[in-house]
Amino acid sequence: MSAFRAALAYDDLLRADANAAGANYPPVYYPEILSRMGLPHDTLAPAAITAQALQSYSVLLLPPLPPGHLTAEALEAIPAWVEAGGLLVGFATHGLQALFGVDVVDLIAQPGDEFTAAACVRLNDPEWTHGLLPSYDQECSIPIIAPVQVLSAPECRELARLLTFFERDTGTPAITYRQVGRGAACYFAFDLGHCMLAMHQGRPVWEDYDGDGWLRTSDQVATRPFPADVPYSDLLMFALRRVIAEHGGVFLHQLPPTPDGAVPDAVFHWGGDDEGATDVQLPAAEFMADLGLPYHINIMPQPIGHHPLPRETFDRLTDIGCETSIHFNFITDGRQPYAFGKDDLAAQLAAYQAAYNQTPVCTVFHCVTWTGWADPARWLAELGLKGDNNRLHRPFPPRNPTNKCSYAFGTAYPFHYYDDHAHQNGRIDFTSQTITAYECGYILNERTEFSQLHRAIEQAGFWHLTQNMFFHPIRLTEEHPREAVQEVLDYCEELGLNALHFGTDELCLWWHARAASSVEPRADGEEGVTLRARTDWPQGCVVQMLWQKDTPPVVVVNGEPAAHVVREEYGCRWLYIACPSGEAEIAISG
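Fair warning: this is a prediction, and the values are worked out from it, not measured in the lab. (Residues numbered from 1 in each chain as written. Predicted model: local features only at pLDDT ≥ 70, side-chain atom pairs only at ≥ 80, totals over all residues. Heavy atoms only, no water.)

Regarding the layout of surface pockets
Keep this limit in mind: The pocket and cavity definitions rest on a 1 Å grid over protein atoms only: a 1.4 Å probe that fits but cannot leave marks a cavity, an open set with protein on both sides within 12 Å along at least five of seven lines marks a pocket, and residues lining either have an atom within 4 Å of a point. Grid points are joined across faces, edges and corners, and a volume is the space filled by probe spheres set on the points. Side-chain classes follow a simple rule in which Ala, Val, Leu, Ile, Met, Phe, Trp, Tyr, Cys and Pro form the nonpolar group, Asp, Glu, Lys and Arg form the charged group, and the remainder, Gly included, forms the polar group.
When its volume is computed, the second largest pocket comes out at roughly 320 Å³. The residue inventory of the lining of the second largest pocket, partitioned by class, reads 15 nonpolar, 3 polar and 1 charged.

In C-alpha cells:
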C-alpha cells in the first residue's frame, strides 16, 4: 500500500493579484497551519490537479479559490479520487458543494474589518472533536475571525456547530464530514487561514485602539471580546488534525523529547523583564537555578541608550545558565503613544551589544509596545534576532493583568510572522512566543493563590502545550511568587506530568529547528508502517499518529527498540515516538 502523502492547493498568482490590489492574501497562511500541525505536505497548483497527480496523495486540502478557478479536469478528477479513497478538506471552497454534501444558504459577513469575529463555533462531535476540550470547557465557543457560510448539510456528520457572534445556536454545522465511497470529504464553512492569521497576528497597531495611552500588542487582539480562556486556534488545528489522522496522517509533535529520550507531557518556558533594575537579576536567576529551572531575563536600558546592569553581573548570569536578552524600551522617555521604527530598534540593540557583546535571540518590549502589523518582526529579523515573547495574554483593561492564564492570540505555541501585502505576504524568519501564564500563583504583596496557576498547568498537560511562565525578576526575590514557582514543580508531580522546562530562547530555537525538521511516511502495509524523520535539534523530535489497534505497538528506530507512549486522549488513542537527532528510520508494527 502506498504511503500517506498530503497536498495543499495553492496558486501564488492569486496572492500576487491580491497584493497588487493592496490586499493581504490569507491563504498564504495554510503552509504555516500545516507546519505548526506537523503535517508534511506538497504544494499543488490548482491547474496541476489531475487524475494522475492525485494518485500520489492521500489528502488534498483546498483553501478558498475564486469561482471557476478549478479546471473542468480537476472538477472531474477530484470526486473520482475521493470515491477511490482520498480525503478532501475544503475551507469555504467554491465549486464542489455536491461532493462535500453541503449547500451554502447564507453568509455571515464580518461586522467590522478583516480582524473582527463574524460568528462562533462549538466542537460537538462526541467521538472526534468534543473530547478535544476538558470537561469544564466543553461548552466553550470559538470565535471565527473570517466570513462564515451558513450551511445546509443533512447527510453530513457534524464536527462543529455554528453559533452567532452572541453565541446563539443556529442549528447548522460549521465543520462537516461525509463518507464518499472509500474516501471522505470534510468541509470548513470559513477560511481557516484567514481566521488563524488574524487571530495570531491581530490587527495592525496604527493608533491606541484600547485607550490605555500606549501603542502595544493589547491593541492588536482580534479575539476581543471573547475571554480566551482556551487556545482557540490550537483547538481548530487539533480538529483538523483529528480528521487527517483518521486517514493515516503522521505528524511532527509540537514538543521535543526530554534529555533522557522520553516523550514529555508539556513544555514550560520561563522568563521575565528586569525593568531597568540592577539588584534583582542575580537573586532571581540563582533561585531558579537552585530549583533546577532555566530562566530568561530581558535587560532594559534605563535611561534609553544606557544599560545600568554591570557587566560582571551579566557574566555571572551567563555562568549559571540564565538566558539574557534586550528589553526594548519605548515607555520611560514619555513619548507614548509612539510608533517606533527600525532605526530606534537598531540604536537600542547597538547599545546592548556594546554593553554585553551579545546578539539576543528572543526579546520582549517594555510594556509589550508594538507598531504596525508585522513591521517590528521584519526589522528584528533583519537585525539578527529570532523571536519575541511580546504578545500579551489578555487585552486592556487592566494594563498589567497579573495572575491570569489566557490566550488572547489564540495559541500557546510559537508561530512565524507573515508580512503585509506591500512585502508579498512573505513568511518572516522570526517567531512569536506568546505570553500565556502571566505572574500566576499569587496576589501581589498579599498571598499565594493557585487557581490560575493550576489551570495553566492542567491545560499544558491536557493539550501538550508550550506554556509560557512569565515572572519578572523582581517578583522572584519575593516570598509568594517563589512559592508559586515551587508549586509548579509540586503540582506537576501531583498530576504525574513529565514536564520539560526551557528558557524562552530555547523554546524559540526549538521552534525554528522544528520548522526545518520533517517526517516522511515511507510505506503502509500489512507488516506495518515505516517512516523517516529528520531533525537537527540535539534531543531529537517526536512523531505522532493515531493507533487504532487493540494490541500494543512495536516500535523500532534505527534498528533498536524505541521510546514511545500510547495515550488515551481526546476520545481516541495516540502513539508518540521519540526519535534521535539526525535521520531516524522508524518501523511500527503490532
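Description of the sheet that holds strand β4 (residues 87-91)
Sheet strands pair via backbone hydrogen bonds, and the direction of the pair is either parallel or antiparallel. The following threshold applies: If DSSP finds at least two bridges between two strands, the strands pair. Secondary structure is summarised from DSSP: a helix means a run of H or I of at least four residues, a strand means a run of E of at least two, and numbering begins at the N terminus for each. The axes used here are C-alpha line fits, helices contributing only the stretch in contact, and every angle between their N-to-C directions lies in the interval 0 to 180 degrees. What makes two residues a contact is simply this: any of their non-hydrogen atoms within 4.5 Å.
Read across the open sheet, the 9 strands follow the order β2-β1-β3-β4-β11-β10-β9-β6-β7; overall the sheet is mixed. Only two strands of the sheet have a single neighbouring strand rather than two, namely β2 (42-44) and β7 (142-144). With strand direction ignored, the average angle separating the axes of adjacent strands in the sheet is 25 degrees. Across 5 bridges, the pairing between strand β6 (residues 119-123) and strand β9 (residues 157-164) is antiparallel. Across the sheet, the residue bridging to arginine 122 is arginine 161, located in β9. Helix-sheet contacts for helix α7 (residues 232-246) involve β3 (59-62), β4, β6, β7, β9, β10 (169-180) and β11 (183-188), and the interaxial angle to β7 is about 90 degrees.

Points about the packing of helix α2 (residues 30-37) against helix α14 (residues 504-515)
Stated formally: Orientation is classified from the angle alone, with under 35 degrees giving roughly parallel, over 145 giving roughly antiparallel, 65 to 115 giving roughly perpendicular, and any other angle giving oblique.
Across the interface, α2 lies against α14 with an axial gap of 10 Å and an inter-helix angle of 105 degrees. Taken together, α2 and α14 sit at an angle that is classed as roughly perpendicular. Two secondary-structure elements touch here, α2 through Ser35, Arg36 and Met37 and α14 through Trp511, Arg514 and Ala515. By residue class, the composition of the contact of α2 with α14 is 3 nonpolar, 1 polar and 2 charged.

A few points about helix α10 (residues 342-356)
What counts is decided by this rule: A helix is expected to span 1.5 Å for every residue after the first. Working definition: with a 1.4 Å probe on protein chains only, accessible area under 20% of the residue-type maximum means buried, over 50% means exposed, and in between means partly exposed. The arc under discussion is defined with respect to the helix axis, by the directions toward the C-beta atoms.
Counted at 1.5 Å a residue, the expected span for α10 with its 15 residues is 21 Å, and the 21 Å between its end C-alpha atoms agrees. Those residues of α10 lying buried are Leu345, Gln348, Leu349, Ala351, Tyr352 and Tyr356. Buried residues in α10, looked at end-on, bunch into an arc of 155 degrees, giving them a common side. Structural note: α10 exposes Asp343 and Ala354 on the side pointing more than 90 degrees away from its buried face. A positive phi of about 55 degrees marks asparagine 357, the residue just after α10.

Considering the sheet that holds strand β30 (residues 560-561)
The sheet built from 5 strands is open, its strands ordered β26-β27-β33-β29-β30 with antiparallel pairing. Since the sheet does not close on itself, it has two edges, and those belong to β26 (518-525) and β30, each with one partner. Both strand β27 (residues 528-535) and strand β33 (residues 582-589) contribute to a ladder of 7 bridges, which runs antiparallel. When the sheet's bridge partners are listed, leucine 531 is paired in β33 with isoleucine 586.

Observations concerning unusual backbone geometry
Trans is the prevailing form of peptide bonds, just as negative phi is the prevailing case for residues other than glycine. Between glutamine 302 and proline 303 the backbone carries a cis peptide bond, its omega angle lying at 0 degrees. Examined against the element boundaries, proline 303 turns out to sit in the loop between β14 (296-299) and α9 (311-319). Of note, the amide linkage connecting proline 397 to proline 398 takes the cis form, showing an omega dihedral of 0 degrees. Following the sequence through the fold, proline 398 ends up in the loop between β17 (387-388) and β18 (404-405).

Details of the nonpolar core
Worth spelling out the cut-off: Remark: nonpolar core denotes a set of buried residues (Ala, Val, Leu, Ile, Met, Phe, Trp, Tyr, Cys) joined through side-chain atoms within 4.5 Å.
Of all hydrophobic cores here, the largest spans 193 residues; its most connected members are Ile78 and Ile586. For isoleucine 78, the residues in contact, after removing those within four places along its chain, are Ile49, Leu54, Leu60, Leu62, Leu88, Leu96 and Leu99.

A look at the pairing of strand β24 (residues 466-470)
Across the 5 residues that make up β24, a large majority, 5, are buried. Burial of β24 is two-sided: the residues Thr466, Asn468 and Phe470 facing one way and the residues Gln467 and Met469 facing the other way are all buried. In this structure, strand β13 (residues 266-273) lies alongside β24, joined through 5 bridges in parallel fashion. Along β24, the bridge assignment pairs tryptophan 270 with methionine 469. Pairing geometry for strand β21 (residues 437-438) and β24, over 2 bridges, is parallel. Residue pairing in the sheet places alanine 437 in a bridge with methionine 469 of β24.

Remarks on α9
Every buried residue of α9 is listed here: Thr313, Phe314 and Leu317. Taken down its axis, α9 places every buried residue within 105 degrees of arc, on the same side. In α9, the exposed positions that point more than 90 degrees away from the buried face belong to Glu312 and Asp319. For α9, the secondary structure elements touched by its buried residues are α8 (281-290), β14, β15 (323-328) and α10. Downstream of α9 by one or two residues, glycine 321 has phi in the positive range, about 90 degrees.

Overview of the state of the cysteines
Heads up, the condition is: Disulfides are defined in this document as cysteine sulfur pairs within 2.5 Å.
All chains considered together, the criterion is met by 0 disulfides. With no disulfide partner, cysteine 362 has as its closest neighbouring cysteine sulfur the one in cysteine 508, 4.8 Å distant. Owing to a relative accessible area of 1%, cysteine 362 belongs among the buried residues under this scheme. With no disulfide of its own, cysteine 405 lies closest to cysteine 440 among cysteine sulfurs, the gap being 5.6 Å. On the basis of relative accessibility, which here comes to 1%, the residue cysteine 405 falls in the buried class.

Notes on the pairing of β33
In the sheet, strand β29 (residues 554-557) pairs with β33 via 4 bridges, with the strands oriented antiparallel. Pairing of valine 556 across the sheet is with alanine 587, part of β33.

A few points about the environment of glycine 387
Here glycine 387 shows up in strand β17. A sequence separation of 203 residues divides glycine 387 from alanine 184, and the C-alpha atoms of the two residues are 39 Å apart. Each residue touching glycine 387, except ones within four places of it in the same chain, is listed here: Val361, Cys362, Thr363, Phe430, Thr431, Gln433 and Cys508.

With respect to empty space enclosed by the protein
Taken as a whole, this structure holds 1 cavity of 30 Å³ or more when the rule is applied. Estimated volume of the largest cavity: approximately 50 Å³. A class-by-class count of the residues in the lining of the largest cavity yields 5 nonpolar, 2 polar and 1 charged.

Digging into the environment of glycine 372
Along the chain, the position of glycine 372 falls in the loop between β16 (362-365) and α11 (375-382). For the pair glycine 372 and arginine 203, spaced 169 residues apart in sequence, the C-alpha to C-alpha distance is 8.4 Å. Once residues lying within four places of it in the same chain are set aside, the contact partners of glycine 372 are Pro204, Val205, Trp206 and Gln220.

Re the pattern of salt bridges
Our working rule: Every case where a carboxyl oxygen of Asp or Glu lies within 4 Å of a side-chain nitrogen of Lys or Arg is listed as a salt bridge.
Counted under the stated rule, the structure contains 26 salt bridges. Between arginine 36 and aspartate 234 there is a salt bridge, with its nearest N and O atoms 3.9 Å apart. Of this pair, arginine 36 sits in helix α2 while aspartate 234 sits in helix α7; the two residues are 198 residues apart in sequence, bridging distant segments of the chain. Each member of the pair arginine 36 and aspartate 234 is classed as buried. Taken together, the shared-partner salt bridges in this structure form one network comprising Asp125, Glu127 and Arg157.

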